[in-house]
Amino acid sequence: MPTPLFTPAQVREMDARAFDRGTSADALMERAAGHLERAVRDLAGYGYGLRVTILCGKGNNGGDGLALARRLTDVGARATVCVVTGEETLEGLPAVQRDRWLARGGTLVSSPQEALVGADVTVDCLLGTGAAGEPRDPYRTAIAALAAERAQGTPVVACDVPSGVDAETGTVAERAVTADVTVTLGAEKVGLRMWPARGRCGDLVTGDLGILERRDEPVAWSLDDRDADHLLPFPPPGAHKRQRGRVLIVAGAQGMSGAAVLATRGAVEAGVGLVTCLAAPGSRDAVAGAVPEALTATFGDLDDRDDHDAAVADVLARAQDADVVVAGPGLGRGGGPTALVRALVERLERPLVLDADAVNALAEVPEALTAPRANALVLTPHEGELARLVDGPVQRNRASEYAADWGATVVAKGPGTVTASPDGRTWVCASGSVALATGGTGDVLSGMIGAVLAGDVDLARVAATVHWHGRAGEAAAALRHPAAVRAGAVADAVPTARARMAGDPGPRPGAPIPRPEDRR
Ligand SMILES: NC(=O)C1=CN([C@@H]2O[C@H](COP(=O)(O)OP(=O)(O)OC[C@H]3O[C@@H](n4cnc5c(N)ncnc54)[C@H](O)[C@@H]3O)[C@@H](O)[C@H]2O)[C@H](O)CC1
Ligand SMILES: [K+]
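About the criteria used
- Residues numbered from 1 in each chain as written.
- Chains lettered and ligands numbered in written order.
- Predicted model: local features only at pLDDT ≥ 70, side-chain atom pairs only at ≥ 80, totals over all residues.
- Heavy atoms only, no water.
- Donors = N, O, S within 2.8 Å, 3.2 Å for Na, K, Ca; no water.
- Tetrahedral: all angles 85-135°; square planar, octahedral: opposite > 155°, others 65-115°.
- Helix = DSSP H or I, 4+ residues; strand = E, 2+ residues; numbered from the N terminus.
- Buried < 20%, exposed > 50% of the residue type's maximum accessible area, 1.4 Å probe, protein only.
- Salt bridge = Lys/Arg side-chain N within 4 Å of Asp/Glu carboxyl O.
- Core = buried A, V, L, I, M, F, W, Y, C linked by side-chain atoms within 4.5 Å.
- Contact = heavy atoms within 4.5 Å.
- Domains from an automatic or database assignment.
- Buried area = accessible area lost by both parts, 1.4 Å probe.
- Polar contact = N/O pair within 3.5 Å; in protein donor to acceptor, adjacent residues only side chain to side chain.
- Nonpolar A, V, L, I, M, F, W, Y, C, P; charged D, E, K, R; others polar.
- Expected span 1.5 Å × (residues − 1).
- UniProt positions renumbered as here; feature names shortened; annotations may be inferred.
- Near = heavy atom within 4 Å.
- Areas by Shrake-Rupley, 256 points an atom, 1.4 Å probe, with all protein chains shown as cover.

1. Focus: the coordination of the potassium ion (ligand 2)
And then number 1: Only Asn-61 (OD1), Asp-124 (O), Leu-127 (O), Cys-159 (O), Val-161 (O) and Ser-163 (OG) from the protein coordinate the potassium ion (ligand 2), and they sit 2.6 to 3.2 Å from it.
And then number 2: One can describe the site at the potassium ion (ligand 2) as irregular: its 6 donor atoms subtend angles covering 66 to 169° at the metal.
And then number 3: All donors of the potassium ion (ligand 2) come from a single chain, and their spacing in sequence reads N-x62-D-x2-L-x31-C-x1-V-x1-S. You can see Asn-61 sitting in helix H3 (residues 60-74) and its partner Cys-159 sitting in strand S5 (residues 156-159), a full 98 residues away along the chain.
And then number 4: Classification of Asn-61 as buried rests on a relative accessible area of 8%.

Rendered as structure tokens:
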């Protein structure tokens, strides 16, 4: 099942409702501490005699830490606790927890550096969802001490969020904790799935507090392999190639054949009935040579001011034979490509995927983006392209607003790609590798999205394809080296990545890939 993701404000509302139902804040804190205790013991592999240092702040995150100290002592671990703001700063529930800890025979160490000496595991209970902005002292100094200890090999468990990480936006303060395990409490917070925050969390574990209700609507979803595989097409038995979908790729101006080759390969490797690539004459030959499975043809001269109307009309006519059109990779810039993109957005009665130069062209004619249209539109901008469309700084956690404004599915590419469809659904991608941060991998993705939508325009499939592309990047990185993966290797890895997502551990001669209905 896809994992639902919430904002910290939503989780606070869940808390408030739980209080209304009669659950006490104290009970929630005890449950939180129970999850932390398990995470600490799971990480170390044992509990009795384990030396655990817990750094606490003055809010409820610190209160969770004090409750944890007591629980760890109960199972024979040796907890060392430091309240970095000083024990006298505690009020309310954290003060109650401090008193329970002292009554249990616990002590408090005043300096974080001193508390950290000899720790087997450390726990970050400094700042939680109540914090905002750059951590100030004494938190700042404590975070540095924790980082120095981690650099010596002592693992860190973060309570709810790594301190200094914004659990809503995924941004990270200059001084923030890097954890090995993060126990996120109540429900998974969306910002922790986004980058750069995701890189600070280590393993993400959800600590259920019993506050999530059926009516709680997540702001986003995260797919795993199985979820993504079930969303992706599986060819029906007896289908012929036209029924398996036809993709038209419009890409590759003169001298820009590489992008056209990669987009065409993305579509072919993702599996579809027919792929046709329309490119400039020289590029067409390159595509035909590199991807024999695809049909190729040329579009007219988009550079010719007098003739680009004819070229545009020709592309629109050819699109009649396709189920989906993908346009943009290596399309070039200028009046011709802009006129073509505008015509496709305004007049095509087919799902349309716009990438790269086509997104740039769209930024030249913003009115085309907001006008009503008949076709499903998918935009796959990287951060620079998205910035041109929104005309200002990009916030990927706002992808759903962009999608609603434009009536388009927005694939905001980058680490932790966010996919948002205009019907309000959003997905944060959990797969991927830094290996994908190289020229041409986006072209592969646009071709894959075209192939997947050719069978059925289910927009959740776009998010599933982003996940699949991420897995292909990981597979290519594992076969080679993350620093030495070219986009063509990502395309090569697309089929095996799908097989692995389907639960196939690797090639076994004669063993068929299980069909979806047999896997459920
Ligand atoms: N349902 C749940 O998820 C539960 C969560 N619990 C824990 O409670 C925290 C949130 O607690 P809260 O008291 O609201 O906030 P913090 O602990 O994060 O403390 C904030 C504290 O720090 C001050 N502050 C804010 N910003 C800064 C800054 N930049 N620098 C320094 N200091 C800052 C602020 O004034 C406050 O005093 C949640 O994360 C969970 O861990 C419950 O225990 C169980 C239910
Ligand atoms: K924390």
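Moving on from the coordinates now.
2. Overview of the pattern of salt bridges
And then number 1: Considering all chains together, one arrives at 27 salt bridges under this definition.
And then number 2: Between Glu-213 and Arg-215 there is a salt bridge; the shortest N-O distance is 3.4 Å.
And then number 3: According to the relative accessible area criterion, Arg-215 is exposed, its value standing at 57%.
And then number 4: A cluster of three or more residues bridged by salt bridges with shared partners is formed by Arg-17, Arg-21, Glu-213, Arg-215 and Asp-216.

3. A word on the nonpolar core
And then number 1: Within the largest apolar cluster, 56 residues are counted, with the highest numbers of intra-cluster contacts made by Ile-249, Ile-449 and Trp-468.
And then number 2: For Ile-249, the contacting residues outside a window of four places in its chain are Ala-263, Thr-264, Ala-267, Val-275, Thr-276, Cys-277, Leu-278 and Val-326.
And then number 3: Listed in part, the 50 residues of the second largest apolar core include Ala-220, Leu-316, Ala-358 and Ala-368.

4. Notes on the domain arrangement of the chain
And then number 1: One can read the domain layout of the chain as domain 1 (3-222) and domain 2 (243-425 + 442-455).
And then number 2: The gap between the C-alpha centroids of domain 1 and domain 2 is 45 Å.
And then number 3: For domain 1, the biggest contributors to the area lost against domain 2 are Thr-169, Met-194 and Trp-195; these three give 77% of the whole.
And then number 4: Joining domain 1 to domain 2, the criterion identifies 0 salt bridges.
And then number 5: Across the contact surface, domain 1 and domain 2 share 0 residue pairs in polar contact (both at pLDDT 80 or more).
And then number 6: For the side of domain 1 that touches domain 2, the per-class residue count stands at 2 nonpolar, 1 polar and 1 charged.

5. Considering helix H2 (residues 25-44)
And then number 1: Taking 1.5 Å as the rise per residue, H2 with 20 residues should run 28 Å; its terminal C-alpha atoms sit 29 Å apart, in good agreement.
And then number 2: Residues of H2 that are buried include every one of Leu-28, Met-29, Glu-30, Ala-32, Ala-33, Gly-34, His-35, Leu-36, Glu-37, Ala-39 and Val-40, and no others.
And then number 3: Remark: Gly-45 follows H2 within two positions and exhibits a positive phi of approximately 90°.

6. Side note on the UniProt feature "domain: YjeF N-terminal" (unreviewed entry) in the chain
And then number 1: Under the UniProt annotation, "domain: YjeF N-terminal" (unreviewed entry) lies at residues 11-217.
And then number 2: Each end of residues 11-217 is marked by a C-alpha atom, and these two atoms are 11 Å apart; helix forms 40% of the span and strand 15%.

7. Some thoughts on the site of ligand 1
And then number 1: For ligand 1, the set of nearby residues contains 25 residues, the closest of which are Asp-15, Asn-61, Asp-64, Gly-128 and Asp-160.
And then number 2: Between a nitrogen atom of ligand 1 and a side-chain N or O atom of Asp-15, the distance comes to 2.5 Å.
And then number 3: Contacts to ligand 1 include Asn-61, whose side-chain N or O atom sits 2.7 Å from an oxygen atom.
And then number 4: Look at ligand 1: alone it shows 880 Å² of surface, and the protein chains cover 82% of it.
And then number 5: Of all the secondary structure elements, the ones that give two or more residues to the shell around ligand 1 are helix H1 (8-20), H2 and H3.
And then number 6: Looking at which element gives the most residues to the shell around ligand 1, the answer is H3, with 3 residues.
And then number 7: Partitioned by chemical class, the residues of the shell around ligand 1 number 12 nonpolar, 7 polar and 6 charged.

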